[in-house]
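Structure at a glance
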Amino acid sequence: MTRALALAEHARDVEGEVPVGAVLVMDGVMVGEGWNRNITLNDPTAHAEIQALRAAGQAVSNYRFPGSTLYVTLEPCAMCAMAMVHARVGRVVYGATDPKTGAAGSVFDTLVSERHNHRVAVQGGLEAEAASAMLRQFFRARR
């Protein structure tokens, strides 16, 4: 999560993006990382989690990541949650909750839905205060 927080800072400080960072780890090795790039790339799908999954796919030459853990500073949205389900991510660990669009239990339970043929284990709250503070400060400065 330390690396994900650093990537969130990069998103904010270098690209003026909402500060969210993500890291995908497989077998103890970081195989993908990403940060929000929606504004920079003019791409509504360029969330940190999607960027990390794309980078991991290139690194391991596969689109599936069984047994992996995705660390992300903000609770995933429905789009990112479904990408994790399709990618067969084993677990997601997030920092701050997202009470407006969170799909890891706050608003939706997408990751653990019995309707899917794969479920992603969820753990929230890791470095939650640091991630929440970064987001609060970012949006306060924009208002």
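What counts, and where the lines are drawn
Residues numbered from 1 in each chain as written. Predicted model: local features only at pLDDT ≥ 70, side-chain atom pairs only at ≥ 80, totals over all residues. Heavy atoms only, no water. Helix = DSSP H or I, 4+ residues; strand = E, 2+ residues; numbered from the N terminus. Buried < 20%, exposed > 50% of the residue type's maximum accessible area, 1.4 Å probe, protein only. UniProt positions renumbered as here; feature names shortened; annotations may be inferred. Contact = heavy atoms within 4.5 Å. Salt bridge = Lys/Arg side-chain N within 4 Å of Asp/Glu carboxyl O.

1. Some points on unusual backbone geometry
A positive phi angle, close to 60 degrees, is found at R88, a residue other than glycine. Note on placement: R88 falls in the loop between α4 (78–87) and β4 (91–96). Classification of R88 by relative accessible area gives buried; the value is 19%. One non-glycine residue, E127, adopts positive backbone phi at about 55 degrees. Mapped onto the elements of the fold, E127 is located in the loop between β5 (121–124) and α5 (128–142). Its relative accessible area of 40% is what places E127 among the partly exposed residues.

2. Digging into the UniProt feature "binding site: Zn(2+)" (unreviewed entry) in the chain
UniProt tags H47, C77 and C80 as "binding site: Zn(2+)" (unreviewed entry). Considering the C-alpha atoms alone, the annotated residues occupy 34 residues of sequence yet fold into one spot, their largest mutual distance being 9.3 Å. Filtering out sequence-adjacent residues up to four positions away, H47 remains in contact with W35, N36, N38, C77, M79 and C80. Contact partners of C77, with chain neighbours within four places excluded, come to H47, E49, T101 and A103.

3. Let's talk about the pattern of salt bridges
Going through the model one piece at a time under the given rule, you end up with 5 salt bridges. With a closest N to O distance of 2.5 Å, D13 and R12 form a salt bridge. What makes D13 exposed here is its relative accessible area of 52%. Judged by its relative accessible area of 26%, R12 falls in the partly exposed class. The partner of E15 in a salt bridge is R37, and the shortest N-O contact between them spans 2.9 Å. Within this pair, whereas E15 is found in helix α1 (residues 2–15), its partner R37 is found in the loop between β2 (29–35) and α2 (38–41), the two being separated by 22 residues in sequence. The class of E15 is buried, set by a relative accessible area of 18%.

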